[in-house]
Amino acid sequence: MQILMPNTDLFHAQRRHFTCSTKTSTLIPTKPLSVSTARKTNREHLSNLENVLKTSSTSTDNLHSDVSSRQVKTTSSTSTLLGGLNLARIWPQMKAAVDEMSPKNLKRLQRLLSKSSEERSPKSKLGSKWRELHGSNNWAGLLDPLDENLRRELVRYGEFVQAAYHAFHSDPEGSPREDIALPDGSFKVTKSLYATSSVRLPKWIDDVAPDLRWMTRPTSWVGYVAVCDDPREIRRMGRREIVIALRGTATLLEWSENFRPNLVSMPEPKPDPSDPTRRKVECGFNSLYTTASQHAPSLAESLVGEISRLVDLYAGEELSISVTGHSLGAAIALLAADDIAERVPNAPPVSVFSFGGPRVGNREFADRLESKGVKVLRVVNSQDVVTKVPGIFSDNDNSNKQGQSRIMEMVERNNPWAYSHVGAELRVDMKMSPYLKPNADVACCHDLEAYLHLVDGFLASNCPFRANAKRSLRKLLDEQRSNVKVLYTGKSLRLNRGSIVDSGDVLPSPSSS
């Protein structure tokens, strides 16, 4: 029986004789088909078929290599095409976006979003350098560019405040907390701190919302005192450190105190009412710090008593006191530092590390703090409106002090809204972060986690965000998702986060390099 074989040469011949016309879109044969090509012998057909089978076998054996080569060619062609379009010129942000979503950066981003793969920064041995980091030289040469050790210390202090927030919100009506989850296991809590408001609300408010009665309670838990009791950590830091951590506004009465912006005189041993240069502070902040309740002493008395006890307990050791707070806590931190320096016998060096703090007092209050040796470092976000209130007149521009007229100075001293900031300033900017939207809302600009994110990525005022920042983005994304750039909240991030195993309420680790 004769076997009919395909005439492959016939097809080849047809392909050879078809060309694409430049004038029309129709394929036109340039020559008539040759009938002789169809009259091949069976031997020739079998020979051709054998060659085809050999080729097919070779292609099957090299399937993976062919697929890889086609992928390389496709990528190369795509790169050539995109390069020819010059998208960087048409859309300048395209190159940055492509770089950020590259496999290398996606892997790094997955690491930053994970709690289970925290990278702990090495703790440098501070030794005698701790005094410089504590502000002995007003942080000269350490802020711009930001010193690596100071960066880590700032983030550590911010995490102490985060622990205060977490302890309060986990149980707003709870009893004194002794089991606060501190970010540093070498510290132990020695005292819970309470603040009392002098504002009184009508009783019917509690009846309307009984479940939110903690919002209208006059006395609320605001922070804690902790002391380092780990010998190895004490040797590393060069001293035993006492930390006072204060949270920000949380209750309705605390908000009420925030809106009492008139300046009031601070208590003095022999006040002179006719002296216009008396130190004054914001009425609401002073009220929360000095008001006592029927069942508890004032925050001032409780804090001074605990610090005096610790100073006596560790007499003969090298000590330091670090007061840290956010928002309202930053304001009260200044009052506490002033009080400790004034009333605690043999008080060790006192420094304040504040985040997003408002103005607290007048120029005389700032000068008084400086004269007592209290060092203040304020971390300020340029987009945070809280750092710009209260007050109408401000003497923050030191270059204008020499040129101010006596009339203006007299107006400022007698104006009940003449506020002034205190100490040195580390200014960060929301626009420097590659992850946050430059037009983030007011809440995000004041958020403590956003502050720590910006501090961890800050190199210098003229440098971009630190590329090797290690602080986890998980908490920032959870709390400020609407303010994170869409580029990082898309499908790739959701896939990355879906594979993350939650390891509990562990605070993220700071970075120092």
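Each chain has its residues counted from 1, following the order in which its sequence is written. Local features in a predicted model are, by the rule used here, given only for residues with pLDDT of at least 70; side-chain atom pairs are given and counted only at 80 or more, and totals for whole chains, interfaces and linings are based on all residues. Neither water nor hydrogens contribute to the side-chain values; these are computed over all heavy atoms in the structure.

(A) Structural detail: the pattern of salt bridges. One side-chain nitrogen of Lys or Arg within 4 Å of one carboxyl oxygen of Asp or Glu is enough to make a salt bridge. Counting across every chain of the model gives 23 salt bridges. A salt bridge links R260 to E257, with the nearest nitrogen and oxygen atoms 2.8 Å apart. In this structure, D338 engages R279 in a salt bridge whose closest nitrogen and oxygen atoms are separated by 3.0 Å. Here D338 is found in helix α14 (residues 328–343), whereas its partner R279 is found in the loop between β6 (263–265) and β7 (280–282), with 59 residues between them in sequence. Comparing D338 with R279 shows no difference in burial state: the two are buried. Salt bridges here are not isolated pairs; linked through shared partners, they connect R279, D338, E342, R368 and K372. Going along the chain from the N terminus, every DSSP run of H or I of four or more residues is numbered as a helix, and every run of E of two or more is numbered as a strand. Only protein chains enter the accessibility calculation, which uses a 1.4 Å probe; a residue is then buried when its area is under 20% of its type maximum, exposed when over 50%, and partly exposed in between.

(B) The sheet that holds strand β10 (residues 375–381), seen in detail. In this scheme, strands are said to pair when DSSP sees at least two bridges between them. Within the open sheet, the seven strands sit side by side as β3-β4-β5-β8-β9-β10-β11. Their pairing is mixed. Every interior strand has two partners, whereas the edge strands, β3 (187–196) and β11 (424–428), have only one. Strand-to-strand twist in this sheet, taken as the mean axis angle between neighbours without regard to direction, amounts to 20 degrees. Pairing of strand β5 (residues 240–246) with strand β8 (residues 319–326) involves seven bridges; the strand directions are parallel. Its bridge partner being in β8, E241 is matched across the sheet by S320. Those strands touched by helix α8 (residues 148–170) are β3, β4 (219–228), β5, β8, β9 (350–355), β10 and β11, and its axis lies near 140 degrees from that of β4. We call two residues in contact whenever any of their non-hydrogen atoms come within 4.5 Å of each other. All axes here are fitted lines through C-alpha atoms, helices being fitted over the stretch that makes contact, and every angle between N-to-C directions spans 0 to 180 degrees. Docked against the sheet, α14 engages β5, β8, β9 and β10, running at close to 150 degrees with respect to β8.

(C) Molecular detail of the nonpolar core. Core analysis: the biggest nonpolar cluster contains 57 residues, and L150, L182, Y224 and L377 have the highest contact counts within it. Top contributing element to this core by residue count: α8, with eleven residues. To define a nonpolar core, start from buried Ala, Val, Leu, Ile, Met, Phe, Trp, Tyr and Cys residues and group those joined through side-chain atoms within 4.5 Å. Counting 43 residues, the second-largest nonpolar core is a separate cluster that includes L303, L319, F365 and V374.

(D) How the structure looks around unusual backbone geometry. Here the amide bond leading from D144 into P145 is cis, since omega sits at 10 degrees, within 30 degrees of zero. Within the secondary structure, P145 sits in the loop between α7 (130–133) and α8. Residue V389 is joined to P390 through a cis peptide bond whose omega torsion reads -15 degrees. The residue P390 is located in the loop between β10 and α16 (406–414) in this model. One non-glycine residue, S327, adopts positive backbone phi at about 60 degrees. By secondary structure assignment, the location of S327 is in the loop between β8 and α14.

(E) Spotlight on the environment of D429. Counting through the fold element by element, D429 comes out in the loop between β11 and α17 (442–446). For the pair formed by D429 and F458, sequence separation is 29 residues and the distance between their alpha carbons is 8.9 Å. Ignoring sequence-local partners within four residues, the contact set of D429 consists of N381, S382, Q383 and L454. Think of a polar contact as two N or O atoms within 3.5 Å of one another; within protein, one of them needs to be a possible hydrogen donor and the other a possible acceptor, and neighboring residues in sequence only count if both atoms come from side chains. Only 2.8 Å separates the side chain of D429 from the backbone nitrogen of K431, close enough to count as a polar contact.

(F) Fine view of the packing of α14 against helix α15 (residues 363–371). Taken N-terminus to C-terminus, the directions of α14 and α15 make an angle of 50 degrees; their axes are 10 Å apart at the nearest point. The orientation of α14 with respect to α15, classified from their angle, is oblique. Judged by the twist between their axes, the crossing of α14 over α15 is left-handed. Side by side, α14 and α15 meet where L334, L335, D338 and E342 of the first sit next to F365, R368 and L369 of the second. Of the residues that constitute the contact of α14 with α15, the class distribution is four nonpolar, no polar and three charged. Oblique is the label for any angle not under 35 degrees, not over 145, and not in the 65 to 115 range, which are roughly parallel, roughly antiparallel and roughly perpendicular in turn. Throughout, a crossing is termed right-handed when the near helix is turned clockwise from the far one, and left-handed when it is turned anticlockwise from it by less than a right angle. Charged residues are taken to be Asp, Glu, Lys and Arg, nonpolar residues to be Ala, Val, Leu, Ile, Met, Phe, Trp, Tyr, Cys and Pro, and polar residues to be all remaining types, Gly included.

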